[in-house]
Amino acid sequence: MEMTMHMPAVYTVMEQEEMTYTTGGATALQAVCAWFLPFYGWYKGITAVRDYRKANPDTWMETGLDALTAHMETNAINMLYDVACAVSVVGSCMSVIWLIPNALIVFS
């Protein structure tokens, strides 16, 4: 049995930067929630850090801010969403009470 892949007659190869428009990004509602519901912004931000750390276990400290910047540059809604999540996470890390739960979530 021969294993071949047949592509459609017309298709376009997409670059990684273009995938945001097809796989999603933040919606306007998510950006508003991240700004006005601090727990939502914190939760989405800290789980994004955890997921990025798991996907890039060896380089997450060196490349994390570059990935965040690249995501922010895709559109204005993503920028507003990412800034709100970052503010929530950084603000919670400045508290002694939330620093330990943040570390436990990121390294879980």
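Residues numbered from 1 in each chain as written. Predicted model: local features only at pLDDT ≥ 70, side-chain atom pairs only at ≥ 80, totals over all residues. Heavy atoms only, no water.

Chemist: What exactly am I supposed to notice about the packing of helix α3 (residues 38-55) against helix α5 (residues 76-93) here?
Modeler: Helix-helix packing: each pair is described by the crossing angle between the helix axes and the interaxial distance. Between α3 and α5, the least distance of the axes is 8 Å, while the angle of their chain directions is 90°. What the angle tells us is that α3 and α5 run roughly perpendicular. Between α3 and α5, the residues in contact are P38, Y40, G41, W42, K44, G45 and I46 and Y81, C85, S88, V89 and S92, respectively. Each residue belonging to the contact of α3 with α5 can be placed in one class, and the counts come to seven nonpolar, four polar and one charged. (Axes fitted to C-alpha atoms, helices over the stretch in contact; angles between N-to-C directions. Helix = DSSP H or I, 4+ residues; strand = E, 2+ residues; numbered from the N terminus. Parallel < 35°, antiparallel > 145°, perpendicular 65-115°, else oblique. Contact = heavy atoms within 4.5 Å. Nonpolar A, V, L, I, M, F, W, Y, C, P; charged D, E, K, R; others polar.)

Chemist: Just to check I follow, could you spell out the environment of W42 for this structure?
Modeler: With respect to the helices and strands, W42 occurs in helix α3. Taking relative accessible area as the criterion, W42 reaches 8% and is therefore assigned buried. Along the chain, W42 and C85 lie 43 residues apart, while their C-alpha atoms are 5.7 Å from each other. Contact partners of W42, with chain neighbours within four places excluded, come to S88, V89, S92, W98, N102 and I105. (Buried < 20%, exposed > 50% of the residue type's maximum accessible area, 1.4 Å probe, protein only.)

Chemist: Looking at this structure, how should I read the environment of V87?
Modeler: Within the secondary structure, V87 sits in helix α5. Sequence separation between V87 and G45 is 42 residues, and the spatial gap between their C-alpha atoms is 8.9 Å.

Chemist: Even after reading the chapter, I still don't get the side chain of N78, so can you show me in this structure?
Modeler: Within the fold, N78 resides in helix α5. Within the local environment of N78, its side chain forms a polar contact with the side chain of T74, the two groups lying 2.7 Å apart. (Polar contact = N/O pair within 3.5 Å; in protein donor to acceptor, adjacent residues only side chain to side chain.)

Chemist: Whenever I open this one, α3 confuses me. Can you help?
Modeler: The α-helix winds at 3.6 residues per turn, so residues separated by three or four positions along the chain end up facing the same way. For α3, with 18 residues, the first-to-last C-alpha span of 26 Å sits near the 26 Å given by 1.5 Å per residue. By the burial criterion, the buried members of α3 are G41, W42, G45, I46, T47 and R53. In this structure, the buried residues of α3 make contact with α2 (28-36), α4 (60-72), α5 and α6 (96-106). (Expected span 1.5 Å × (residues − 1).)

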